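# Summary of structural features
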Amino acid sequence: MDNNYIKKQAQRMRDFSSYDGLYKDACFRLLSNADAIPPTYPHEGYLTASDIEKAEQIATKALGED
């Protein structure tokens with residue numbers, strides 16, 4: 001797990017929150033790097049609502065937004 005990469009993707013999630021495709025791409029990349037989704041997910045189209053919630057939790061922690 002690369003903490004700098006996770007922070008970068010967390011910031012991308014914030015920057016692109018109003019652009020669904022880019023937002024989900026950042027979520028997918030963050031979750032993939034954090035080993036928080038199954039490796040069988042080939043792309044962001046497979047993310048569930050709970051996956052996105054998990055990405056938000058990781059992003060909040062990575063950006064120190066507690």
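Located above this text is the structure these notes cover.
One structure accompanies this document, and this report is about it.

Cut-offs and rules
- Residues numbered from 1 in each chain as written.
- Predicted model: local features only at pLDDT ≥ 70, side-chain atom pairs only at ≥ 80, totals over all residues.
- Heavy atoms only, no water.
- Axes fitted to C-alpha atoms, helices over the stretch in contact; angles between N-to-C directions.
- Helix = DSSP H or I, 4+ residues; strand = E, 2+ residues; numbered from the N terminus.
- Parallel < 35°, antiparallel > 145°, perpendicular 65-115°, else oblique.
- Left-handed = near helix turned anticlockwise from the far one by under 90°.
- Contact = heavy atoms within 4.5 Å.
- Nonpolar A, V, L, I, M, F, W, Y, C, P; charged D, E, K, R; others polar.
- Salt bridge = Lys/Arg side-chain N within 4 Å of Asp/Glu carboxyl O.
- Buried < 20%, exposed > 50% of the residue type's maximum accessible area, 1.4 Å probe, protein only.
- Expected span 1.5 Å × (residues − 1).

### Focus on the packing of helix α1 (residues 3-15) against helix α2 (residues 20-33)
As a packed pair, α1 and α2 sit with axes 8 Å apart at the nearest point and diverge in direction by 160°. With respect to their mutual orientation, α1 and α2 come out roughly antiparallel. Every pair of crossing elements has a handedness; the one defined by α1 and α2 is left-handed. Contacts between α1 and α2 involve Y5, I6, Q9, A10, R12 and M13 from the first element and L22, Y23, D25, A26, C27, R29, L30 and N33 from the second. Partitioned by chemical class, the residues of the contact of α1 with α2 number nine nonpolar, two polar and three charged.

### Regarding the pattern of salt bridges
Applying the stated rule across the entire model yields four salt bridges. Salt-bridge contacts for D25 lead to R12; the nearest nitrogen and oxygen are separated by 3.2 Å. One end of the pair, D25, is in helix α2; the other, R12, is in helix α1, with 13 residues separating them in the sequence. Residues D25 and R12 agree in their burial class; the two are buried. Taking the shortest distance from any N to any O, the salt bridge between D25 and R29 comes out at 2.8 Å. A residue pair is termed a helical-turn pair when its members lie 3 or 4 positions apart in one helix, as D25 and R29 do in helix α2 at four residues.

### Some thoughts on α2
For α2, with 14 residues, the first-to-last C-alpha span of 20 Å sits near the 20 Å given by 1.5 Å per residue. Every buried residue of α2 is accounted for by Y23, D25, A26, C27, F28, L30 and L31. Next to the buried residues of α2 lie α1 and α3 (49-62). Downstream of α2 by a residue or two, D35 has a phi angle that is positive, lying close to 55°.

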